[in-house]
Amino acid sequence: MKTIKNVFINLTITAAAVYLPLLAFSTYSEILRKNTSKARIERINKKRIPAIKNGYLPFYIPSEIKSKVKKTGFYPIGSLPFTKTYYCDEGYGLIKYITDRFGLRNKDEVWVNIKNQPNIFLIGDSFGQGACVPSQNTITSNIKESTNINSINLASSANSPYEYHAILKTILNPILLEKSFKNWVILLFYNNDDILHNQDDFNKLNSAKSIIFENNNGNISPKESYIKELSNIIKTNYPTSQNEIINKLQNKYGYGISKKNLKESFLYKVLTLVPIRSSLYKLKSLFERKISPTEKSIAYLAETCKENCTPIVAYIPSHRNKDPYLDPLRYKKLLREFSLKYKIKFIDSEGLINPNSSIDYSPEGAHLSIVGYRKIGNLISDAIKSEK
């Protein structure tokens, strides 16, 4: 009995010796992140709250909505349609716009007669969506200005290669089934797209169905069933009234624990070593590549554009200090290799966007500046105009 007790004590001491230093590091990392984020968020909230009182809703992130999905075949690709939406602020003021019929960042007119004209479709994450610049300065706006071709923004914040693949499958494949005018489809990648295989995401992608409804006149819109399911998920899981949204913003960085936001709480992240686990997850990606969501999305782009569109893969580098990632050059090399493998044009913007300069990046964040977005838009436009 005494031996068992001694073994238990020794194991406890060993576990504590391992866990406590990790806990200390995790606490320090989370406090540092929290304090930096809190000061900035509180400043931005002073702009968000008046917008909310004027009828604006937050941009509901599709990849987060996806985690709430229970219905087989449903895959969210945008926020609420035809909605006054506030987005982000990285030095150009709080960005606000009205979503289109798919809940994306376009003037709704871009969807009119898309089968009777050439189009440029941009798929990506927050960079593609245009964080955090005015609508006239986004990549698609710059492309439209340069090429005079209808340019459609299919990007949303926090999208990953799973969402890129889903957008191709649920929106573009149905639209591009019949060849008419020339179309271009661009997959825009960033270093944080370098993710591992996730079986749950893969299953949702695999079951995803078209959300496109086409009427007798050839007009395109999302199916009513899609909009209804999306609205139900958002209303069930997210604040949608003015008071709820404001309370959520004001309490987001509280230290309390509740069942609703347990995994978002400070104590949960510290005690479960989230900062350390996140770093280990990134390190793991250097060695584990059984199935690459990135390659699958590029392969599906090639399949989608086999006959009815011209595919392009583009890469945006992360700022070395504002948004550092493990070995970004390795991911760029992979993108180049995948593009070559599937015979797709690869656009590397790193020669144009300087990862060590602040000129091409926003004043107060990790996204591009107005100048940086213009450079990317012109670079893609030049590639398109060379093939017209």
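Residues numbered from 1 in each chain as written. Predicted model: local features only at pLDDT ≥ 70, side-chain atom pairs only at ≥ 80, totals over all residues. Heavy atoms only, no water.

As for the pattern of salt bridges
Applying the stated criterion across every chain, the model contains 15 salt bridges. Asp 348 is the partner of Arg 336 in a salt bridge, and the nearest nitrogen-oxygen pair spans 3.4 Å. Remark: Asp 348 occurs in strand S10 (residues 345-348) and Arg 336 occurs in helix H12 (residues 328-341); sequence separation between them is 12 residues. Owing to a relative accessible area of 41%, Arg 336 belongs among the partly exposed residues under this scheme. The exposure class of Asp 348 is partly exposed, given its relative accessible area of 25%. The structure contains a network of salt bridges with shared partners spanning Arg 320, Lys 332, Arg 336, Asp 348 and Glu 350. (Salt bridge = Lys/Arg side-chain N within 4 Å of Asp/Glu carboxyl O. Helix = DSSP H or I, 4+ residues; strand = E, 2+ residues; numbered from the N terminus. Buried < 20%, exposed > 50% of the residue type's maximum accessible area, 1.4 Å probe, protein only.)

Thoughts on unusual backbone geometry
For the bond running from Ala 131 to Cys 132, omega is -15 degrees, close enough to zero to count as cis. The residue Cys 132 is located in the loop between helix H3 (126-129) and helix H4 (139-147) in this model. In this structure, Asn 113 is a non-glycine residue whose phi angle is positive, near 60 degrees. By the element assignment, Asn 113 lies in the loop between strand S3 (96-98) and strand S4 (119-123). One non-glycine residue with positive phi stands out, namely Asn 148, at about 60 degrees.

Details of the pairing of strand S6 (residues 183-190)
Across the eight residues of S6, eight count as buried, placing the element largely inside the fold. Residues of S6 alternate between two faces, with Asn 183, Val 185, Leu 187 and Phe 189 on one and Trp 184, Ile 186, Leu 188 and Tyr 190 on the opposite face, all of them buried. Sheet topology note: the S4/S6 ladder contains five bridges and is parallel. Bridge pairing in S6 links Ile 123 to Leu 187. (Pairing = 2+ DSSP bridges.)

Quick word on the environment of His 165
Positionally, His 165 belongs in helix H5 (residues 161-175). Owing to a relative accessible area of 12%, His 165 belongs among the buried residues under this scheme. Each C-alpha atom, one on His 165 and one on Ala 299, is 9.2 Å from the other, the two residues being 134 residues apart in sequence. Among residues more than four places away in sequence, those in contact with His 165 are Leu 205, Lys 296, Ser 297 and Tyr 300. (Contact = heavy atoms within 4.5 Å.)

Regarding the packing of H5 against helix H6 (residues 199-207)
The N-to-C vectors of H5 and H6 enclose an angle of 5 degrees; their axes lie 10 Å apart at closest approach. Taken together, the axes of H5 and H6 are roughly parallel relative to one another. Two secondary-structure elements touch here, H5 through Tyr 162, His 165, Ala 166 and Lys 169 and H6 through Asp 201, Phe 202, Leu 205, Asn 206 and Ser 207. (Axes fitted to C-alpha atoms, helices over the stretch in contact; angles between N-to-C directions. Parallel < 35°, antiparallel > 145°, perpendicular 65-115°, else oblique.)

Focus: the state of the cysteines
Per the counting criterion, the structure on display carries two disulfides. Here Cys 305 connects covalently by a disulfide to Cys 309, the sulfurs 1.9 Å from one another. The disulfide joining Cys 305 to Cys 309 has a torsion of about -100 degrees about its S-S bond and is therefore left-handed. Judged on exposure class, the residue Cys 305 and its partner Cys 309 are both buried. Described in terms of the sequence order of its bonded cysteines, the disulfide pattern of the chain is 1-2, 3-4. (Disulfide = S-S within 2.5 Å.)

Some details on the pairing of strand S5 (residues 150-153)
Each regular strand carries side chains that alternate between the two faces of the sheet. Side chains Asn 150 and Ile 152 project from S5 onto one buried face, and the interleaved Ser 151 and Asn 153 project onto a second face that is buried too. As judged from the four bridges shared by S4 and S5, these two strands associate in the parallel manner. Each bridged residue has a counterpart across the sheet, and for Phe 121 the counterpart in S5 is Ile 152.

Notes on the sheet that holds strand S2 (residues 84-86)
Strand order across the open sheet formed by three strands is S1-S2-S3, with mixed pairing between neighbours. Strands at the two margins of the open sheet, each flanked by one partner only, are strand S1 (57-58) and S3. Where S1 and S2 come together, two bridges link them in parallel fashion. Looking at S2, one finds that Pro 58 is bridged to Tyr 86.

Examining the packing of aromatic side chains
Using the criterion set out here, one finds seven aromatic pairs in the structure. Members of the aromatic cluster, connected to one another through ring pairs, are Phe 59, Tyr 87 and Tyr 97. (Phe/Tyr/Trp six-rings, centres within 6.5 Å; stacked < 30°, edge-to-face > 60°.)

Side note on the sheet that holds S4
Within the open sheet, the five strands sit side by side as S5-S4-S6-S9-S10. Their pairing is parallel. Looking at the sheet topology across the chains shown, the edges are occupied by S5 and S10. Sheet twist, expressed as the mean angle between neighbouring strand axes with direction ignored, is 20 degrees. Relative to the sheet, helix H11 (residues 293-304) contacts S6 and strand S9 (310-316), its axis offset from that of S6 by approximately 170 degrees. Each of S6, S9 and S10 is contacted by H12, which is oriented at about 160 degrees to S10, the strand it contacts most.

Comments concerning H12
Helix length check: H12, at 14 residues, gives a terminal C-alpha distance of 20 Å against a target of 20 Å (1.5 Å per residue), a fit within 8%. Among all positions of H12, only Pro 328, Arg 330, Tyr 331, Lys 332, Leu 334, Leu 335, Phe 338 and Ser 339 are buried. Check the buried side of H12 and you find it contacts S6, H11, S9 and S10. Following H12 by one or two positions, Lys 343 has its phi on the positive side, about 60 degrees. (Expected span 1.5 Å × (residues − 1).)

Keep in mind these numbers describe shape, not what the thing actually does.
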